[in-house]
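# Report on the structure
This is what each chain is made of:
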Amino acid sequence: MTRFLPRTAPPIRAGGLVAAAALLLAAAPPTVASAAPTAAAPVVALGGPAETALHPYAEGGDGPKRSTARITVTGADDTAYEGEFTVTFDLTGAAGVADVAFEPEAGIECAATAPGSATCTGHGISPGRSTVTDLLLTAAKGSEQGDTGTVRITGEAQGAAFTPFTTEVTVGGPDLVMHRLPFDHEPVPGQKQQAPITFTNRGSRAADGVVLTLRHSRGLDIPQRYSNCAYTTDEAWTTARCTVEGAFEAGATYTLAAPLTLKTTDRAYRDIFGYGIHEAGASTVRGATAARAARGPAGGSDDVLRAVPAPRPMAARALDLEPGDNEHEADFRTENTADFVAYGDTASGKAGATVTARVGFRNDGPAWIGHLRSGESVAAVDFTVPQGARVTSAPEGCRGVSAEGTALPTGWTGPAPRYVCPTPATVRDDGGLDLAFGLRIDKVLLGAVGRVVVRGPELRAAGLPFDPEPGNNTARVVLNGESGGPSPAPSDGPGDGASGTPGSATPTPTPGGAGAGAGGTVAPGAVPNTATGNGGSLAATGSPTAMAASGLAVTALTAGLVLFTAARRRRRA
């Protein structure tokens, strides 16, 4: 279901819906339209925040501040529901604690149906998560700090099964506000910057323990390591979640005893550092403890592990009055380069034979390249098929195009003369893209040459602005060369990599470039590589090209994380 545009609706008092029909959109109780049941009824999950904190009730001024709880519906992964559905809200459990208003998505109608209840009706549930309505919550008059209530949510539709959901509302809570750090956003490789993480609790009660989350992309590093942090890493990101005990009082400001160090590494190019603060909950503390136990002592020292206090049980809450100000992100642009080197292949066979040509590129660095914000492809491998051959199998994600690189005519069903294969949104400094094409030799042409170019993802913007050596962005695929031998080196002329446009593939009397050039050699038995450097859907069987591979080093940290009060501001009574 596409996300609907919100609409406004007047509030409902959860403590008494005697006049609820006048406060909400007037509507008769909805009926569920008939929908033909499927062989297996789709299961639809209702969801939302487990808990929502409410600003304490205040007389006068602009009235009490609102908190929002977004209620969602998640359809089955592969089954869409096309009929009408009804979501029912039981508000009696929040009576005297919260006043509730509904802001439904477009196409969904919400109305009071009886004292203490309301319904929202809509039509059609697509696979994946979509919003039903935002609950606009304010503390009820007469409520007190710490009062808690519940809203129970159920769903109904003919031919679909709903899982119910309950959300809790609590009056009062912490409001942890992360301070923005003044970074140099255009650092140079090797530059170090201090990151004195600082936050303030602007809420109405103390936070019972906090979790500090630090997340940085591959071009950045935090040299320190803490034993009360749990670390995870993937191809692009390293994340540390640090659980810190203590009561962080309302009105007080806290900072790290010693600032973190954020280092710009030699592989930096376009990077992101995120830092956030949240109140700890019992599940968070247990998860962090389990992660530390699985990881083992920090730095391999039993003494360091014993120096970390065992977390005490905490209330299972993670409330925040204004969660939107708990986190910040900083973007960094580093002057750096990455050398993308194309490689081709050689193969021989008789007419009617099918051979495998492995083509692609490797990133010789030093930078990694990632489009972390847009998620767009970093580059594309552009392969022109040698004459006398046709593609029988292409890697997943590659699309056939015309010889000029444009879209094929509507209704085209045969093999294409040229294929474009986009990379993922990140290419590691030790990564690349390894592709295997199945080629049927229809006609034996001595030294038939195809062209491989690594270029920008769009033909009209084929250059790679970060690549200082465009001359090695092109390689060749040679079929039935006289001498056989390794992959031919890139050649000059049209499609030399500077323009990113492959030249026409034509048969030649000799294979040319019999030695292994900058295009790389095919190494039998080597592990296939992808843009993230560890294999993937674009790799195929055959003789893969040897690629450099190394794991993402986990950030090194050496001292315990301690926070102290930097400046304390008592909340006015």
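Moving on, we get to the pattern of salt bridges. Evaluation of the coordinates by the stated rule reveals 14 salt bridges. A salt bridge links R218 to D429, with the nearest nitrogen and oxygen atoms 2.6 Å apart. Residue R218 is found in the loop between β16 (207-217) and β17 (220-221), and its partner D429 is found in the loop between β32 (426-427) and β33 (432-441); the two are separated by 211 residues along the sequence. Exposure class is identical for R218 and D429. Each is buried. Between D331 and R373 there is a salt bridge, with its nearest N and O atoms 2.7 Å apart. Of this pair, D331 sits in strand β23 (residues 327-333) while R373 sits in the loop between β27 (369-370) and β28 (380-384), and the two are 42 residues apart along the sequence. Given the relative accessible area of 35%, D331 is considered partly exposed.

Bringing the confidence of the model for the protein chain into the picture now. Averaged over every residue, the pLDDT of the protein chain is 76; the share at 70 or more is 69%. Note on residues 1-38: pLDDT under 50 across the span, and 92 contacts to partners over four residues away in sequence or across chains. Confidence over residues 484-573 falls short of pLDDT 50; this stretch has 278 contacts with residues more than four positions distant or in other chains.

Omega for the bond connecting G365 with P366 falls within 30 degrees of zero, at 10°, which places this linkage in the cis form. Of note, P366 is situated in strand β26 (residues 354-366). Phi at N480 takes a positive value of approximately 55°, unusual for a residue other than glycine. As for its position among the elements, N480 is in the loop between β35 (474-479) and β36 (563-568). For N480, a relative accessible area of 11% gives the class buried.

Space inside the second largest pocket adds up to approximately 260 Å³. Along the wall of the second largest pocket there are 20 residues; nearest its centre are Y269, R270, I369, G370 and H371. Among the secondary structure elements, those contributing two or more residues to the lining of the second largest pocket are β22 (270-279), β23 and β27. In terms of residue class, the lining of the second largest pocket is made up of 11 nonpolar, four polar and five charged.

What follows covers the nonpolar core. If you look at the biggest cluster of nonpolar residues, it comprises 37 residues, and the most contacted ones within it are F340, I369, L435, F437, L439 and F466. Those elements that place two or more of their residues in this core are β24 (338-343), β26, β28, β29 (389-393), β31 (418-422), β33, β34 (448-455) and β35. Per-element tally for this core: the top contributor is β33, with five residues. Residue contacts for L439: discarding those within four places in its chain leaves A353, T354, V355, A357, F383, V385, P386, R390, V391, T392 and L479. Core analysis: the next-biggest nonpolar cluster, separate from the first, contains 33 residues, A98, I108, A157 and F165 among them.

This brings us to the state of the cysteines. Cysteine pairs can be linked by a disulfide, which is a covalent bond between their two sulfur atoms. Per the stated rule, a full pass over the model turns up three disulfides. The disulfide partner of C229 is C242, and the S-S distance across this bridge is 2.0 Å. Taking the sign of the S-S torsion, 105° for the link of C229 and C242, the bridge is right-handed. Within this pair, whereas C229 is found in strand β18 (residues 229-233), its partner C242 is found in strand β19 (residues 237-248), the two being separated by 13 residues in sequence. According to the relative accessible area criterion, C242 is buried, its value standing at 1%. Put simply, C398 and C421 are joined by a disulfide, and their sulfur atoms are 2.0 Å apart. Taking the torsion about the sulfur-sulfur bond, which here is approximately 115°, the covalent link between C398 and C421 counts as right-handed. In this pair, C398 is assigned in the loop between β29 and β30 (399-401) and C421 in strand β31, connecting sequence segments 23 residues apart. Note on accessibility: C398 and C421 belong to one class, buried. Look at the protein chain and number its bonded cysteines as they come in the sequence; the links are 1-2, 3-4, 5-6.

Take empty space enclosed by the protein next. The full count for this structure, using the stated rule, is two cavities of 30 Å³ or more. Estimated volume of the second largest cavity: approximately 30 Å³. Residues belonging to the lining of the second largest cavity are distributed by class as follows: four nonpolar, three polar and one charged.

This next bit is on the packing of aromatic side chains. The tally for this structure, following the rule as stated, stands at 14 aromatic pairs. Through successive ring pairs, a cluster of aromatic residues spans F183, F273, Y275 and F332. Here R215 stacks its cationic end above the ring of W237, 3.7 Å away from the centre of that ring. Between the NZ or CZ atom of R270 and the centre of the ring of Y269, over which it lies, the distance is 4.2 Å.

What counts and what doesn't
- Residues numbered from 1 in each chain as written.
- Predicted model: local features only at pLDDT ≥ 70, side-chain atom pairs only at ≥ 80, totals over all residues.
- Heavy atoms only, no water.
- Salt bridge = Lys/Arg side-chain N within 4 Å of Asp/Glu carboxyl O.
- Helix = DSSP H or I, 4+ residues; strand = E, 2+ residues; numbered from the N terminus.
- Buried < 20%, exposed > 50% of the residue type's maximum accessible area, 1.4 Å probe, protein only.
- pLDDT = per-residue confidence, 0-100.
- Contact = heavy atoms within 4.5 Å.
- 1 Å grid on protein atoms, 1.4 Å probe; cavity = no way out; pocket = protein on both sides within 12 Å on 5 of 7 lines; lining within 4 Å.
- Points joined across faces, edges and corners; volume = space filled by probe spheres on them.
- Nonpolar A, V, L, I, M, F, W, Y, C, P; charged D, E, K, R; others polar.
- Core = buried A, V, L, I, M, F, W, Y, C linked by side-chain atoms within 4.5 Å.
- Disulfide = S-S within 2.5 Å.
- Phe/Tyr/Trp six-rings, centres within 6.5 Å; stacked < 30°, edge-to-face > 60°.
- Lys NZ or Arg CZ within 6 Å of the ring centre and 35° of its normal.

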